[in-house]
Amino acid sequence: KERLAFMLRDTQADVLMTQERLVQVLSDHKAQLVYLDADRENLRQQHSGNPIHQTTAENTAYVIYTSGSTGTPKGVLVSHGSIANHCVYIQRYYELDEKDRVLQFASLNFDASIEQILPTLISGAGLVLRGSEVWTPEELQTKILDSEVTVMNLPTAYWHHVAQAWADASESIASHGLRLVIVGGEGMSPNALRLWQQTPLSRVRLLNAYGPTETTITATSFEISPGYSTDTPSRMIPIGRPLGDRKIYILDRYGNAVPIGIAGELHIGGGSQARGYLNQPELTAEKFIPNPFCAEPGARLYKTGDLVRYRADGNIEFLGRIDNQVKVRGYRIELGEIEAALSQHPDVREAVVVAREDVPGDKRLVAYLVAASQNSSVSELRGFLKANLPEYMIPSIFMFLDALPLT
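Residues numbered from 1 in each chain as written. Predicted model: local features only at pLDDT ≥ 70, side-chain atom pairs only at ≥ 80, totals over all residues. Heavy atoms only, no water.

Visitor: Tell me about the sheet that holds strand β9 (residues 205-210), residues and numbers included.
Guide: Read from one edge to the other, the open sheet built from seven strands follows the order β6-β5-β7-β8-β9-β10-β11, with strand pairing classed as mixed. In this open sheet, the two edge strands, each paired with only one partner strand, are β6 (126-129) and β11 (241-242). Those strands touched by helix α5 (residues 137-147) are β5 (101-104), β6 and β7 (151-155), and its axis lies near 160° from that of β7. (Pairing = 2+ DSSP bridges. Helix = DSSP H or I, 4+ residues; strand = E, 2+ residues; numbered from the N terminus. Contact = heavy atoms within 4.5 Å. Axes fitted to C-alpha atoms, helices over the stretch in contact; angles between N-to-C directions.)

This is the structure in structure tokens:
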């Protein structure tokens, strides 16, 4: 409730489209309510023509919230021009046409869903909606076959499980109609890729995608050939090369370009950047900096905070983060936001949250706590966090310690 209330206040939304049963989870707000269920008959009688508008490419198309290190989410402003250009490029790059059936798998709270929906519709292709349930790998098989899916885009962690399950029972997916699979959100496991190559989908076009919200969804992509070998010295699967009009710069802490093979922070330029952060001009200025490599007036670079390096073949290799941000199941998470929420509970004296990957491909959030009293319980803390944070930011495990180690 608190997070939804914050977003309504932060955006100052004039109209809220919802369902009648969901209104109870909303706090006080000034938005006009439109019930898509209860108002259906009234809506059906409204004028169906396109409204007159004066929208330009520079106008904001959407605000989407990502985790914030200060304890509150930050709204990313993406323009009509940025998302329109991206959709047209993705339509061409994925080679979408009216014969395709594209699986909409990502949560609607996640900008990957926009890339799954809009390029599909402008291509005249069919959109297969997942709904609110997350399918098991076996259920995914059934849906793909029954719905004749040709293109799917999966979060990396989920794809890892799918690769394992389908390698163990590959005959059941042999009659698939898939021609393209996109995987993205976090590092692709070489072990999972080896398993994938044992399935009937080993000849299907496979892309390892990367991109922050601030540069409009997918920014780079690496096409994994059927015979691609993971037996390289680094074993990391590259994130590839820039898509569309994006420009890539790998810079050291002084803003100098680094040589091939040397780690540096990934900076992204070009016309697909977000406008900045809603109501946060200081953060916008910190993350969107002037581009010293471009003579175009107003050209900027987005500082991703991602540590990468160029390989000898020109592809980019992701190495990790330079700050306290992690990715779990494709979601960007600032650990400080969870720690700040936990610290607001009266029974918590200190809190540290980490992302652990004790089993390869299975990353989980773990909260380490020093209690202020004997009254705190895991169920109470989990319920407290659910009122302040989305489900994907709730730690899987809570560990109580007498004191936090300070070394």
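Structure's up, so let's keep going.
Visitor: Tell me about the sheet that holds strand β20 (residues 348-359), residues and numbers included.
Guide: Ordered by their spatial adjacency, three strands build an open sheet running β20-β21-β22, and the pairing between neighbours is mixed. A strand with exactly one partner marks an edge of an open sheet, and here the two such strands are β20 and β22 (397-400). Sheet twist, expressed as the mean angle between neighbouring strand axes with direction ignored, is 25°. In this sheet, strand β21 (residues 362-371) lies alongside β20 in antiparallel orientation, the contact comprising nine bridges.

Visitor: Kindly report on the pairing of strand β8 (residues 180-184), identifying the contributing residues and their values.
Guide: The element β8 is extensively covered by neighbouring structure, given that five of its five residues are classed as buried. Of the two faces of β8, the one holding Leu-180, Ile-182 and Gly-184 and the one holding Val-181 and Val-183 are both buried throughout. Both β7 and β8 contribute to a ladder of five bridges, which runs parallel. If you follow Val-151 over to β8, its bridge partner there is Leu-180. A crossover connection joins β7 to the parallel β8 through helix α6 (residues 156-168); in handedness this β-α-β unit is right-handed. Viewed along the sheet, the connection from β8 through helix α7 (residues 190-196) into β9 turns out right-handed. (Buried < 20%, exposed > 50% of the residue type's maximum accessible area, 1.4 Å probe, protein only. Right-handed = clockwise from strand over helix to strand, strands pointing away.)

Visitor: Tell me about the pattern of salt bridges, and name the residues and values.
Guide: Taken as a whole and assessed by the stated rule, the structure comprises 11 salt bridges. The partner of Arg-311 in a salt bridge is Glu-317, and the shortest N-O contact between them spans 3.8 Å. Summarising the burial analysis for this pair, Arg-311 and Glu-317 share the class buried. A salt bridge links Arg-364 to Asp-362; the shortest N-O distance between them is 3.2 Å. By relative accessible area, Arg-364 is classed as partly exposed at 39%. If you follow the salt bridges from partner to partner, you end up with Arg-309, Arg-311, Asp-313 and Glu-317 in one network. (Salt bridge = Lys/Arg side-chain N within 4 Å of Asp/Glu carboxyl O.)

Visitor: Describe in detail the environment of Ala-174, supporting the description with residues and values.
Guide: Within the secondary structure, Ala-174 sits in the loop between α6 and β8. Assessed through its relative accessible area of 49%, Ala-174 is described here as partly exposed. With 33 residues separating them along the chain, Ala-174 and Gln-141 place their C-alpha atoms 10.0 Å apart.

Visitor: Please give an account of the packing of helix α3 (residues 80-93) against helix α4 (residues 112-122) that cites residues and values.
Guide: Viewed as axis vectors pointing N to C, α3 and α4 meet at an angle of 70°, and their least axial separation amounts to 9 Å. What the angle tells us is that α3 and α4 run roughly perpendicular. From α3, Ile-83, His-86, Cys-87, Val-88, Ile-90 and Gln-91 reach across to α4, where they touch Ile-114, Glu-115, Leu-118, Pro-119 and Ile-122. (Parallel < 35°, antiparallel > 145°, perpendicular 65-115°, else oblique.)

Visitor: Hey, could you go over α3 for me, with residue numbers and the actual values?
Guide: Compared with an ideal rise of 1.5 Å per residue, which puts 14 residues at 20 Å, α3 spans 20 Å between its outermost C-alpha atoms and is within 8% of the ideal. The set of residues buried in α3 consists of Gly-81, Ser-82, Ile-83, His-86, Cys-87, Ile-90 and Tyr-93. Immediately beyond the C-terminal end of α3, within one or two residues, lies Glu-95, with a positive phi of roughly 60°. (Expected span 1.5 Å × (residues − 1).)

Visitor: Residues and numbers for the environment of Glu-2, please.
Guide: One can find Glu-2 in helix α1 (residues 2-11). Along the chain, Glu-2 and Lys-386 lie 384 residues apart, while their C-alpha atoms are 9.5 Å from each other. When neighbours within four sequence positions are excluded, Glu-2 is seen to be in contact with Ala-387 and Asn-388.

Visitor: Account for the packing of aromatic side chains, with residues named and values stated.
Guide: The way to describe two aromatic rings as a pair is by their centre distance and the angle between their planes. For the structure on display, the rule yields 14 aromatic pairs. Ring geometry for Tyr-93 against Tyr-94: centres 5.8 Å apart, planes inclined by 40°, an arrangement best described as tilted. The ring of Phe-105 carries Arg-130 above its face, with NZ or CZ at 4.7 Å from the centroid. Its end group placed over the ring of Tyr-93, Arg-205 keeps NZ or CZ at 5.0 Å from the ring centre. (Phe/Tyr/Trp six-rings, centres within 6.5 Å; stacked < 30°, edge-to-face > 60°. Lys NZ or Arg CZ within 6 Å of the ring centre and 35° of its normal.)

Visitor: Give me the nonpolar core: which residues, what numbers.
Guide: In this structure, Leu-140, Met-152, Trp-159, Trp-166, Val-181 and Trp-196 are the most contacted members of the largest nonpolar core, which totals 30 residues. Listed by contribution, the elements that provide at least two residues to this core are α5, β7, α6, β8, α7 and β10 (220-224). Broken down by element, this core gets its largest block of residues, six residues, from α6. Once you skip the residues sitting within four places of it in the chain, Leu-140 turns out to touch Leu-103, Trp-135, Met-152, Leu-154, Tyr-158, Val-162 and Trp-166. Counting residues in hydrophobic clusters, the runner-up holds 24 residues, among them Ala-106, Val-328, Ala-367 and Met-393. (Core = buried A, V, L, I, M, F, W, Y, C linked by side-chain atoms within 4.5 Å.)

Visitor: Report on the side chain of Ser-147, specifying residues and quantitative values.
Guide: In this structure, Ser-147 sits in helix α5. Using a relative accessible area of 18% as the deciding quantity, one classes Ser-147 as buried. In this view, Ser-147 contacts Arg-101 and Val-128; residues no more than four positions away in its chain are not counted.

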